[in-house]
Amino acid sequence: MPENTEPHVTASDTKFVYAFTEGNKELKDLLGGKGANLAEMTNLGLPVPPGFTITTEACCRYLETGTEPGALRDEVSEHLAALEQQMGKQLGQADDPLLVSVRSGAKFSMPGMMDTVLNIGLSDTSVSGLAAQAGDERFAWDSYRRLIQMFGKTVLGVDGEHFEEAIEDAKRAKGAATDIELDAGDMRALVDTFKGIVRRDTGRDFPQDPREQMDLAIRAVFDSWNTDRAKLYRRQERIPHDLGTAVNVCSMVFGNLGPDSGTGVAFTRDPASGQQGVYGDYLQNAQGEDVVAGIRNTVPLAELEQLDQKSYAELMQIMETLELHYKDLCDIEFTIERGKLWMLQTRVGKRTAAAAFRIATQLVDQGLIDEAEALQRVNGAQLAQLMFPRFDLTAQADQLGRGIAASPGAAVGKAVFDSYTAIKWSRSGEKVILIRRETNPDDLDGMIAAEGILTSRGGKTSHAAVVARGMGKTCVCGAEDLEVDTKRRQLTAPAPDGKGTVVIDEGDVVSIDGSTGKVYRGEVPVVPSPVVEYFEGRMHAGADDADELVQAVHRVMAYADRVRRLRVRANADNAEDAARARRFGAQGIGLCRTEHMFLGERRELVERLILADADTERDQALAALLPLQKGDFKELFEAMDGLPVTVRLLDPPLHEFLPDITELSVRVALAESRKDANENDLRLLQAVHRLHEQNPMLGLRGVRLGLVIPGLFTMQVRAIAEAAAERKAAKGDPRAEIMIPLVGTVQELEIVRDEAERVITEIEREHGVELKLTLGTMIELPRAALTAHQIAESADFFSFGTNDLTQTVWGFSRDDVEASFFTAYLEKGIFGVSPFETIDKDGVGKLVADAAAAGRATRPDLKLGVCGEHGGDPESVHFFHEVGLDYVSCSPFRIPVARLEAGRAAAQSAGSDSR
């Protein structure tokens, strides 16, 4: 390693540049992930090329004002001078040039989304000096053409296709299959061609001043923070937009100096499966971008042992050092320059959902982390991925080929060959598979829209693989036997019998298996995930046939259940859903929507109730509904015996149970034209017109319905009480909770409660039992939240209906706005995520927190829960834990996710308290 010479650090209010020797891995906010980890490896004494990092704060200042901070240029000059002294040569000097890379590095990894420029310092004069020092003229001219190509595209905004076309032209003229076959003269000619492209497309010559190159590259990296693809990636990954990126200026080491040089990416464990071993890709005689871009197919990292045993052994030792130091899977970029190993980057590696659970438990068994930390290494989104179905391996399937299993899952869709088509077809409801030779950052939109990604080039560390794993998308890379023709929009595969080919045209259905790397023609049937079978009790974690993944999930879930404070209930309306929810770990029902019990054959009874002209007719309809409702509740109480069941009284407007007004009007008009009009249809049409509302979501529904339709809520309360009494007589343990919906004022609740208590007391006397039924309300209107202190006087519990509360707080009609303008709001950054998906903490969340506190101030024993679908959203679960709710309730399939996140929330709180 060259002699270390530190720059003098002057006292100033803000320091914008840090040498690699000055930082550490805890400074990610300031130095970005790449810079912080380069500093950490330097501190560990690992072979890191010297360099310095420009802080994220400098980037933020630049983005705010449009100019670099005044002190930045002087600090960069000071650190560059120190680097030159340390390396014994100057940036771009003619006889022996110092060359540097300028690379982005945000706090959170954003693979391929921002800019990098290599070989800065090369010019028409210094390229000869580099050739002389390296003893390799081809290498020098290849490095120069790479600089012009990267600089032209990322800094000067030249269309990268122009450079690629020039390379293809050169290969065709030479009869070469790869760029390695181009000699020094070919590379020199390409440099002239590339400079001509820059001049033609920008109106200026490629800059020959090395400092100008570096300054422009630094500015380009700053600007790349706000490119469309970077903003889209941040929205997708929920990364804040105000963090900015650091810039790393690093002395160049070269992997393209011949067969004893190369570049690679390594993982300390398999990022797809979590298995321990040697995983990664290596490419001889190449620079790092060649591996990530997937332009040339790599060889497995294990083959490096035969190519360069010394470097391989050193790399294995460094990988072990880093994993023990970071106590996690590490993703490593390295270069070998003429037999000398250099570390260019490390970070905690992105991994698949299966790998996350396996690695977390492996590290516990190795004593590197405890169970609490293991719980933080996984999340609900990953668990949800593991619950998706997988391909049925016993089914007949027409295999087209096989690539590298880069990101697991079973994806089926129509073949598309560009991002624009993927987005267009996806928005029209089609499921698509994006097929490319290799992906690049500009394909991000299409990758998000697609069900899965298939490439014919690249490996587990290519752009497609890394981004797909980060998004949880199914991906198969490097399917070399498949020929992708994006111009003809075709994929060609060898025929199974080896004679001829099979052609897949755009629009044909294909299936890709990201767990095996297999690619199939047509749709392959799927079977339930083993993780779902485990949750449903069809596979036991200790059984011989339980795989390592199921055991890992079991261990993590067991710990989450031990530490969580929030209980998890289910939204379930029938005994079948309730039983499944209980198998999934539900601790009761937080929402039983009784309106679902009025559908099907019972709709006729509801029509009779609506059309009743006299009390007698109405009472007859209610009497007919009573035993049906009671039967439903008995089944539900049996399925959830010993656990609470919150039954919401009828909520939706009655017109929803009537025929469509247009269809009914046409039917009546046609009947009248034939002189055979049906009297019942005429009465129905009158009722539909009478009950029609301009905005039914804010009309006659919920508690208002119970107050306006005499006997309706009374019938439902009676059915609940009688079902509970009969269940109790059968030695059961029913724990019913009656919930009154859409309350806006305490007077509404008082009236309904008085009548409900009268009915319950009556049933208790009739059956000689004490039912202990509780009565509460949904908080789903802003006024209810604002007057929670009053409503709590008449409520045993609150359940926050966050779906409707979000609608009424925002003034949104969910059924309309999600299709009309939510996409635009998300694209413009108004929403980071839909407020119907994740709780709006600042608005809706504040009402929930304030109402919870006000309700408990009035009634300290007030039970608090949430029954909107936010109850199964990972981020929202953490919020509900923070504001002190007692339980969340969600659909049965999301119960394991809510259990896991409730445990993670509790563990995080305990960790914060201990600190």
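Structural data are supplied above this passage.
This section reports on the structure supplied with the text.

Cut-offs used in this document
- Residues numbered from 1 in each chain as written.
- Predicted model: local features only at pLDDT ≥ 70, side-chain atom pairs only at ≥ 80, totals over all residues.
- Heavy atoms only, no water.
- Helix = DSSP H or I, 4+ residues; strand = E, 2+ residues; numbered from the N terminus.
- Rg over C-alpha atoms; globule rule 2.2 N^0.38 Å.
- Buried < 20%, exposed > 50% of the residue type's maximum accessible area, 1.4 Å probe, protein only.
- Contact = heavy atoms within 4.5 Å.
- Axes fitted to C-alpha atoms, helices over the stretch in contact; angles between N-to-C directions.
- Parallel < 35°, antiparallel > 145°, perpendicular 65-115°, else oblique.
- Left-handed = near helix turned anticlockwise from the far one by under 90°.
- Pairing = 2+ DSSP bridges.
- Patch = residues over 30% accessible without salt bridge, like charges linked within 9 Å, V, L, I, M, F, W, Y side chains within 5 Å.
- Areas by Shrake-Rupley, 256 points an atom, 1.4 Å probe, with all protein chains shown as cover.
- Salt bridge = Lys/Arg side-chain N within 4 Å of Asp/Glu carboxyl O.
- Lys, Arg positive; Asp, Glu negative; His and termini not counted.
- Charge placed at Lys NZ, Arg CZ, Asp CG, Glu CD.

**Regarding the overall build of the protein**
Within the protein one finds 36 helices and 31 strands. For 915 residues, the compact-globule estimate of 2.2 N^0.38 gives 29 Å, and the protein sits close to it at 33 Å. Its C-alpha atoms put the protein at 105 × 70 × 60 Å along the principal axes. Residues classed as buried in the protein amount to 56% of the 915 residues present. Look at the contacts in the protein between residues 6 or more apart in sequence, and 68% of them connect residues 24 or more apart.

**Remarks on the packing of helix α3 (residues 72-87) against helix α8 (residues 210-224)**
Contact geometry for α3 and α8: axes closest at 13 Å, N-to-C directions at 125 degrees. Considering their axes alone, α3 and α8 lie oblique with respect to each other. Classified by chirality, the crossing of α8 by α3 is right-handed. Where α3 approaches α8, its residues Leu72, Arg73, Val76, Ser77 and Leu80 are matched on the opposing element by Arg211, Met214, Asp215 and Phe222.

**Examining the sheet that holds strand β22 (residues 518-521)**
The strand order β12-β22-β21-β14-β15-β16-β17-β13 describes an open sheet built from eight strands, whose pairing is mixed. Two strands lie at the open edges of the sheet, namely β12 (398-402) and β13 (404-407), each paired on one side alone. The average angle at which neighbouring strand axes cross in this sheet is 30 degrees, direction not considered. As defined by bridge partners, strand β14 (residues 410-416) adjoins strand β15 (residues 432-436) across three bridges and the pair is classed as parallel. Across the sheet, residue Lys414 finds its bridge partner in β15, namely Val432. Sitting on the sheet, helix α16 (residues 419-427) touches β14 and β15, and the angle it makes with β14 is about 110 degrees.

**Quick look at the pairing of strand β17 (residues 474-477)**
The alternating pattern of β17 places Thr474 and Val476 on one face and Cys475 and Cys477 on the opposite face, and all of these are buried. Sheet topology note: the β13/β17 ladder contains three bridges and is antiparallel. The partner of Ala405 across the bridge, within β17, is Val476. As paired elements, strand β16 (residues 452-455) and β17 share three bridges and run parallel to each other. Bridged to Gly452 within β17 is Thr474.

**Brief notes about a negative patch on the surface**
Taken together, the side chains of Asp159, Glu161, Glu164 and Glu165 define an acidic patch exposed on the protein surface. According to the relative accessible area criterion, Glu161 is partly exposed, its value standing at 48%.

**Here's the deal with the environment of Met447**
Relative to the assigned elements, Met447 resides in helix α17 (residues 444-449). Sequence separation between Met447 and His463 is 16 residues, and the spatial gap between their C-alpha atoms is 11 Å. Excluding anything up to four places from it in sequence, Met447 contacts Leu434, Thr439, Ile453, His463, Ala464, Val467, Ala468, Met471 and Lys473.

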